[in-house]
Amino acid sequence: MLDQKLKELREQMEQRLNQVDSREKLSAFWQDFLGKKGSIADLMKDLGTVSKEDRPAMGKVINEFKVQAEQRYQEYSERMEKLEMAARNRAEQVDITLPAKKHPTGNLHPITLVKNQIIDVFLGMGFEVFEGPEIEDDDHNFTRLNVPKDHPARDMQDTFYISEDVLLRTHTSPGQIRVMDMEKPPIKVLVPGRVFRSDSDATHSPMFHQMEGLVVDKGITLCDLQGMLDKFVKQIFDADVRTRLRPSYFPFTEPSVEVDVSCFECGGKGCSLCKHTGWIEVLGGGVVHQNVLRNCGIDPEVYSGFAFGIGIERITMLKYGINNMGLLFENDLRFLKQFKD
Ligand code: DAH
């Protein structure tokens, strides 16, 4: 009887396996034949009905069938895996001859690039960076910088007024006042930022960028200013560049100077860049006016300082040979892309 059953089961097993074309069918096969309540388990139970003498031989046959069923299961399981893998490979096939996807990266605007370069140079000399507000009051922008109301120097920096006393800052110099209100000497600070004037022509823009520098400590002189600026221009332009100071006038410095660098294009011989003078003006500065220190509660008998203001557009144009300031604001990608590192 059991023999007959085994024979039938063998046939059934092959039939079932022939139909296996998915993981689900394969696990159903396992349940039905090898599971706890499967046919082979049933056979084992039936073993009880077999006579004692026949039992060991019969048990052996059932066990062999079980091993065979397990092997067949294993074979189909591996076959299934291969089929699945092949299907996945087919689905995920890539054409490696297609052109690669481009991920265009942007680059920094030349003004930002030069601003960062300037900051880098001064950070190396121990400066900190402070940013003041673009909307300023008259007091910080003019009065406390020793430019009282009705002072003719105000004409040099006409700007946009929000109300009688509130305006768009005309320079980054009010940053000096804000820093000295907050900190006492020694002070070594840079103030980068946007500034505004009602000026617009080929060489002027109503908005441009400056970098203010301020150093206040005991015993600071004009020589310190020259020494630091000398280091600065050598790093920004060329190691051979020399500096010279020319007397000038700013209400917040006394003495005041314009700083020129020897022309890095012609080495000082004279060319169109330096208008055949051998020198190029790069920034203004001077020794901080005693009134400015006093206006911030710093005793000018004890402390002195120097300050300077750099036009970032100007440095950028000189450094990269840009002859039209408009290019810096038009955002023409053909121009901007040239500054990719
Ligand atoms: N604030 C001046 C300007 O915008 C530039 C300047 C000159 C700044 C001399 C300074 C300085 O700190 O000492 O024209």
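Q: Before we move on, could you go through the packing of aromatic side chains and cite the residues and values that matter?
A: Per the stated rule, a full pass over the model turns up nine aromatic pairs. On the basis of an interplanar angle of 70 degrees and a centroid distance of 5.1 Å, the ring pair of F122 and F127 is categorised as edge-to-face. By relative accessible area, F122 is classed as buried at 0%. Owing to a relative accessible area of 3%, F127 belongs among the buried residues under this scheme. Counting every residue linked through ring pairs, the aromatic cluster contains F122, F127, F232, F306 and F308. Over the face of the ring belonging to Y76 we find R79, whose NZ or CZ atom lies 4.3 Å from the ring centre.

Q: Go over the site of the ligand with me, naming the residues and quoting the values.
A: The environment of the ligand is made up of 16 residues, and the closest members are H171, S173, R197, Q210 and E212. The side chain of R197 places a nitrogen or oxygen atom 2.8 Å from an oxygen atom of the ligand. In the environment of the ligand, an oxygen atom lies 2.5 Å from a nitrogen or oxygen atom belonging to the side chain of E212. For the ligand, whose unbound accessible area comes to 350 Å², protein coverage reaches 92%. Those elements giving two or more residues to the shell around the ligand turn out to be β5 (207-217), β8 (279-288) and β9 (304-311). Across the shell around the ligand, the residue classes break down as four nonpolar, 10 polar and two charged.

Q: Give a description of the packing of helix α3 (residues 39-46) against helix α4 (residues 55-91) that names residues and reports values.
A: In contact at an axis separation of 10 Å, α3 and α4 are set at 170 degrees when each is read in the N-to-C sense. If you check the angle between α3 and α4, you find them roughly antiparallel. Touching I40, L43 and M44 of α3 are I62, N63, F65, K66 and A69, all from α4. Considered class by class, the residues forming the contact of α3 with α4 number six nonpolar, one polar and one charged.

Calculation rules
- Position numbers for residues count from 1 along each chain, tracking the sequence in the order it is written.
- Confidence filtering applies because this is a predicted model: local features only for residues at pLDDT of at least 70, side-chain atom pairs given and counted only at 80 or more, and all residues used for totals across whole chains, interfaces and linings.
- Calculated side-chain values reflect all of the structure's heavy atoms, with hydrogen atoms and water omitted.
- Two aromatic rings from Phe, Tyr or Trp, using only the six-membered ring of Trp, form a pair when their centres are within 6.5 Å; if the ring planes differ by under 30 degrees the pair is stacked, by over 60 it is edge-to-face, and anything between is tilted.
- Using a 1.4 Å probe on the protein chains alone, a residue whose accessible area is under 20% of its type maximum counts as buried, one over 50% counts as exposed, and one in between counts as partly exposed.
- Placement of a charge over a ring requires the Lys NZ or Arg CZ to be within 6 Å of the ring centre, with the centre-to-atom vector within 35 degrees of the ring normal.
- Nearness is defined per residue: one heavy atom within 4 Å of the molecule or strand is enough.
- Within 3.5 Å is the distance limit for a polar contact, defined as a pair of N or O atoms, with the added protein rule that one can donate a hydrogen and the other accept it, and that residues adjacent in sequence qualify only through two side-chain atoms.
- Calculation of accessible area relied on Shrake-Rupley with a 1.4 Å probe; when residues are assessed, cover is drawn exclusively from the protein chains displayed.
- The helix count covers DSSP runs of H or I at least four residues long, the strand count covers runs of E at least two residues long, and both are numbered beginning at the N terminus.
- Any residue that is not Ala, Val, Leu, Ile, Met, Phe, Trp, Tyr, Cys, Pro, Asp, Glu, Lys or Arg is counted as polar, Gly included; the first ten are nonpolar and the last four charged.
- Axis lines are fitted through C-alpha atoms, for helices just across the contact stretch, and the angle between N-to-C directions can take any value from 0 to 180 degrees.
- Any angle from 65 to 115 degrees is called roughly perpendicular, while one under 35 is roughly parallel, one over 145 is roughly antiparallel, and all others are oblique.
- Every residue pair with non-hydrogen atoms within 4.5 Å of one another is taken to be in contact.

Remember that the coordinates give geometry; whether it matters functionally is a separate question.
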